[in-house]
Amino acid sequence: MVNLAELLTAPGLEAVRPLTGPLDAAPVTGVRLVPRPDLLASVPPGTVAVLLAPVPRHLLDVVVRDAAAAGAAAVVLTGPEWAAHIGTGAAPDTTRGSGAPDIAWGPTAAVPDTALSPMGAAPGGVPGPAPAPATASATVASVPATVRSLAERGRVAVLHTGGDLAALIVAVERAAAGGAEDELARVQVAASEIPAAAGDPERIAVLAGRILGVPVEQRAAGPGEEGASAVGAQGEVRYASAVPPGRAGAVRPVLALAALAAAGGAPADVPARSRGPLLAELLTAPRDQVARLAARGRALGLPVDGWHIALRLAPVALDGTVRYGTLEAVTAEAQRLLRSWPGTEGTGARHLSVDSRTPPAATTPDGPGPAADTTSPAGQSPAARTASAPTSGAPATTAGSGPRASWNAALVDEALVLLCSLPADPGADGRRAMVATARRAVDRLRGLHPKADFRCGVGAAHRGPLGIRGSAREARAALARAADAPVAAHDAAGLDRMLLEWYGSEAAREAVGELLAPVLALGPDRAEPLLRTVQAYLDHNNSPARAAEVLHLHRNAVGARVRRFVELTGADLADPEQRIALQLACRAGLSAPSP
């Protein structure tokens, strides 16, 4: 047999709220409808007595005393006057002289018609929403002190329901009896509620525990416990719980469903995972393929025609498979942290207030196109409608309340590119808010992975498919400078921009290629450390000590790399003209987009 605390976890009893009294005093033997309070004395021990007649406040102590004398497990009040005061801390006014009906309890007393109808039901008999759960303090304040004392001494609980009484009777009988019917009901509730929390293991554990009536924890099952596991994109998810009597048949399927939902990810993440490879291709493909890839992106819901800010995240202290494994492991966490912008916290929501009724004009791969009629969805171009539609991870907003932002991620060249897409230019304030949010996210990741030394570069805001590539290039250039601080932003008005524009010319690329040819011939894995070391050495006035400090290397290692660079190129680092040429070449080479 189950006690009240266990019984109230059963499906169909969500509308039942405890008011006072113990929930674990006695096993529940059954349920009975009681037309009048004076009949309570005849109910069998362990009964959940559902009173059909309203109970005035000044007579509630009599009801509790009679129920305790009969050995009832609980008394369920159904009067709407108690429902109105659950959680408010105020007691219902049911005394004579205050507008309450004069109810005579006896054989000839009529049961009010409202007592036989589903309380809180909508027209047509459909149960309405359950009353809000009462806090302990509010519940106690709603019940007279004498009633609370009687309930505790008599070991009887006082409950209230505003739901369908017929459904209540069925649910209590099913839960009290236990067995296959109760197990099936719990599995059905799990199948209905758990998928909605897919991708959120902690929330799923809470839901599964509520459905089963026992704590569900994220761990392997121990002796005498039941467990389930599933493997998803973010690794293996395990759940375990005790096996309560009479519910063994429900525990395994509920835990299995929970594990599959947690490992599978949120439904909105499925198209996001499909967009990741496309974003990587868009960032690395030749320019003449951008239009084709942009069309594919629109079909997948990637808002290529909006405004974009790219972040480039890298664990600079890691190499090889460990680096890739770490980036894959933090992809979901990084997006979750960044999706708080723009939102209800931080400065992003204030600085990115955008009128969502005016989406950006349609763009082509080469830039914005002519203005279009955007006063209605029918008047928008397909590209504009795509850009203005909310996407994965972006809460819908109303006009003026903030932009619809979406986040997508791709692993590109040993780094994680995180792309924030917006329907309008966020401006300077929005870019500053993005940098601040990136700092918070990187600080969190550095705390979770202290050996990785995560650093991040932030690009400027650009529009259209080519804007995605432009912002990503800027983020890469900024990351190359993220030596003094974990997060560095592209200097839209300074050296970064001039370097990128200069390196965009064919003549500049040829000059850099000739100057660094012996180093670049080593391959990217060996060339990049040399270029990065020489750049730091030249940036700090040929100081090996300062370069070693910002690169987290020993000064002897810096000296060895600089000597190797000089041997390969034949450069004279004491010559001012050669020094500035090499300094610009190293910066341009490290900031260059992938071919």
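Residues numbered from 1 in each chain as written. Predicted model: local features only at pLDDT ≥ 70, side-chain atom pairs only at ≥ 80, totals over all residues. Heavy atoms only, no water.

Which parts of the structure should I look at to understand the sheet that holds strand β7 (residues 226-232)?
Each strand in a sheet pairs with another by means of backbone hydrogen bonds, the pair being arranged parallel or else antiparallel. Across the sheet, 3 strands lie side by side as β6-β8-β7; this open sheet has antiparallel pairing. The strands lining the two open edges of the sheet, one partner per strand, are β6 (216-217) and β7. Where β6 lies against strand β8 (residues 235-241), 2 bridges are found, and the strand directions are antiparallel. What sits directly across from E217, in β8, is A240. Seen against the sheet, helix α9 (residues 248-264) touches β6, β7 and β8 and runs at an angle of roughly 20° to β7. (Pairing = 2+ DSSP bridges. Helix = DSSP H or I, 4+ residues; strand = E, 2+ residues; numbered from the N terminus. Contact = heavy atoms within 4.5 Å. Axes fitted to C-alpha atoms, helices over the stretch in contact; angles between N-to-C directions.)

How do you make sense of helix α15 (residues 427-448) when you look at a structure like this?
Side chains of residues three or four places apart in an α-helix project in the same direction, reflecting 3.6 residues per turn. Its 22 residues place the ends of α15 32 Å apart at the C-alpha level, agreeing with the 32 Å of an ideal helix rising 1.5 Å per residue. Burial in α15 covers these residues: G430, R431, A433, M434, V435, T437, A438, A441, V442 and L445. (Expected span 1.5 Å × (residues − 1). Buried < 20%, exposed > 50% of the residue type's maximum accessible area, 1.4 Å probe, protein only.)

Any chance you could explain helix α19 (residues 524-539) here in plain terms?
Over its 16 residues, α19 extends 21 Å from the first C-alpha to the last, a length consistent with the 22 Å expected when each residue adds 1.5 Å. Just downstream of α19, N541 is the residue with a positive phi angle, here 55°.

Please explain the nonpolar core as it appears in this structure.
In globular proteins that are soluble, nonpolar side chains generally tend to be buried together. L311, L313, L418, F454 and V458 are the most contacted members of the largest nonpolar core, which totals 29 residues. Looking at this core element by element, the count peaks at 6 residues for α15. Once residues within four sequence positions are removed from consideration, F454 is found in contact with L313, A314, P315, T326, L327, V330, V442, L445, R446, H449 and P486. In this structure, I194, L255, A261 and A262 belong to the second largest nonpolar core, which totals 26 residues. (Core = buried A, V, L, I, M, F, W, Y, C linked by side-chain atoms within 4.5 Å.)

Just to check I follow, could you spell out the side chain of D182 for this structure?
With respect to the secondary-structure elements, D182 resides in helix α7 (residues 180-193). Ignoring sequence-local partners within four residues, the contact set of D182 consists of A10, P11, R174, A175 and R247.

What is the right way to look at the confidence of the model for the protein chain in this model?
When pLDDT is low, close inspection of the predicted coordinates is not appropriate. For the protein chain, the mean per-residue pLDDT works out to 74, and 72% of the residues sit at or above 70. Long-range and interchain partners of residues 84-141, a stretch whose pLDDT sits below 50, account for 82 contacts in this model, where long-range means more than four residues apart. Low pLDDT (under 50) marks residues 342-403, which in the prediction has 111 contacts with non-local residues, meaning those over four places away or in another chain. (pLDDT = per-residue confidence, 0-100.)

Looking at this structure, I do not really get the packing of α19 against helix α20 (residues 544-551). What am I missing?
Relative orientation of the contacting elements α19 and α20 amounts to 125°, with a least axis distance of 8 Å. As judged from the angle between their axes, α19 and α20 are oblique. When the axes of α19 and α20 are compared, the crossing they make is right-handed. Contacts from R532, T533, A536 and Y537 of α19 reach α20 at P544, A547, V550 and L551. A class-by-class count of the residues in the contact of α19 with α20 yields 6 nonpolar, 1 polar and 1 charged. (Parallel < 35°, antiparallel > 145°, perpendicular 65-115°, else oblique. Left-handed = near helix turned anticlockwise from the far one by under 90°. Nonpolar A, V, L, I, M, F, W, Y, C, P; charged D, E, K, R; others polar.)

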